[in-house]
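Structural overview for review
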Amino acid sequence: MSITFSLQSLKLSCPFLHGSTSLSHLSKPNSSLSQQTLKSPAFLPPIRAMKSMQGRVVCATNDKTVSVEVVRLAPHPKYKRRVRKKKKFQAHDPDNQFKVGDFVQLEKSRPISKTKAFIAVPVPARNVKREKEKKGELGIPLESDQPQEQQA
């Protein structure tokens, strides 16, 4: 008898069926740990991931748009050797100042079009071979650079 009485006292209806119960009392219970708000110090800037990248312009035929190839080194998933990974980005070039082969820095910005979310900024070229003086390692002019004497 007690089993049938306990089964009759249970109701299988849901209080949410007709919107009779609000969801406010179902939120997380307030505890002393959740009431403490953790704020970062005001002097630290917010952390942003990958604000800018550098790459080489590979296509500059479109108006106000350049295609920039960014090369990065990443470990191979199986062999763990560092391999070059290349990715092309579309960047905004408002003055059409960049040509193929130029090094640019890509600055993150608001989306300009479906594929453009970067602005191209000029940077000095890296790994440029500087012309060395036409002297040997010891500072002595090379024989090939000296004027040749004509024999009569």
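The sections below set out a description of the structure shown in this document. All of these numbers come straight from a predicted model, not from anything done at the bench.

Looking at the pairing of strand S1 (residues 52–59)
Sheet topology places S1 next to strand S4 (residues 103–108); five bridges connect them, and they run antiparallel. Within S4, the position partnered with serine 52 by the bridge is glutamate 107. Turn length for the S1-strand S2 (residues 65–75) hairpin, with the two strands adjacent in sequence and antiparallel, is five residues, and the turn residue lysine 64 shows positive phi of about 60°.

Things to note about the sheet that holds strand S5 (residues 116–122)
Judged by pairing direction, the barrel is mixed, and its five strands sit side by side in the order S1-S2-S3-S5-S4 before closing back on the first. Strand after strand, the sheet turns through a mean of 50° between neighbouring axes, direction not considered. In terms of strand pairing, S1 meets S2 through three bridges, oriented antiparallel. For arginine 56, the partnering residue across the bridge sits in S2 and is glutamate 69.

What about unusual backbone geometry?
Of note, the phi angle at lysine 80 is positive, near 65°, even though the residue is not glycine. Relative to the helices and strands, lysine 80 is located in the loop between S2 and strand S3 (82–92). Of note, asparagine 96 is a non-glycine position whose phi angle comes to about 50°, a positive value. Inspection of the secondary structure puts asparagine 96 in the loop between S3 and S4.

The rules we used
- Residues numbered from 1 in each chain as written.
- Predicted model: local features only at pLDDT ≥ 70, side-chain atom pairs only at ≥ 80, totals over all residues.
- Heavy atoms only, no water.
- Pairing = 2+ DSSP bridges.
- Helix = DSSP H or I, 4+ residues; strand = E, 2+ residues; numbered from the N terminus.
- Axes fitted to C-alpha atoms, helices over the stretch in contact; angles between N-to-C directions.

Just geometry here; none of it tells us what the structure is for.
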